[in-house]
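# Survey of secondary and tertiary structure
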Amino acid sequence: EGSWGVTYLESFMRILGHPALQSSLRGVAKAGRTPKVAVLGSALGNQVVWGSAAFGFEGVGYDVLDCCVEKSKEIVGSL
C-alpha cells in the first residue's frame, strides 16, 4: 500500500511567500543567478512548471513512475 498527495498552486505560492525563502531568492537574484528547484515525487511536474513559468526558475523533477515522467515530458513539450 502506498500513499501520495497533491500540492495545489495555493499551497505552492504560500511556501514561496515564506520570508526565509523570499530572502534566499532575493540573494540569488542580486547575485545575478537563476533560482533552481528540484522536486522529488514530481508526478506530472506541476510544481516544476509553476516555478519556471511564474518565476523563471530552472527546475527538474524526479518520480519513480515512468508513466508520470513520460506524460510530463509530453505536456511540457507541447507548451
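Keep in mind that what you see is a predicted model, and the values were worked out from it rather than measured.

### Comments concerning the confidence of the model for the protein
Residue-level pLDDT values for the protein average 84, and 94% of them are 70 or greater. Taken element by element, the predicted model of the protein shows its lowest mean pLDDT in helix α4 (residues 66–77) (82) and its highest in helix α2 (residues 19–30) (92).

### Considering a nonpolar patch on the surface
A contiguous nonpolar surface patch, about 260 Å² in accessible area, is contributed by Leu 9, Met 13 and Phe 55. Take Phe 55: it is sitting in helix α3 (residues 46–55). Taking the relative accessible area as the measure of exposure, Phe 55 reaches 39% and is therefore partly exposed.

### Some points on the pairing of strand β1 (residues 36–40)
Alignment of β1 against strand β2 (residues 58–62), held across five bridges, turns out to be parallel. Bridge pairing links Val 37 to Gly 59 in β2. Read as a crossover between parallel neighbours, the route from β1 over α3 to β2 is right-handed.

### So, α3
Among the residues of α3, those classed as buried are Gln 47, Val 48 and Gly 51. Burial along α3 is one-sided: seen end-on, the buried residues are contained in an arc of 105°. Away from its buried face by more than 90 degrees, α3 exposes Ala 53 and Ala 54. Residues of α3 that are buried sit in contact with α1 (9–16), β1 and β2. Positive backbone phi, at 75°, marks Gly 56, one or two positions downstream of α3.

Basis of the calculations
Residues numbered from 1 in each chain as written. Predicted model: local features only at pLDDT ≥ 70, side-chain atom pairs only at ≥ 80, totals over all residues. Heavy atoms only, no water. pLDDT = per-residue confidence, 0-100. Helix = DSSP H or I, 4+ residues; strand = E, 2+ residues; numbered from the N terminus. Patch = residues over 30% accessible without salt bridge, like charges linked within 9 Å, V, L, I, M, F, W, Y side chains within 5 Å. Areas by Shrake-Rupley, 256 points an atom, 1.4 Å probe, with all protein chains shown as cover. Salt bridge = Lys/Arg side-chain N within 4 Å of Asp/Glu carboxyl O. Buried < 20%, exposed > 50% of the residue type's maximum accessible area, 1.4 Å probe, protein only. Pairing = 2+ DSSP bridges. Right-handed = clockwise from strand over helix to strand, strands pointing away. Arc of directions from axis to C-beta. Contact = heavy atoms within 4.5 Å.

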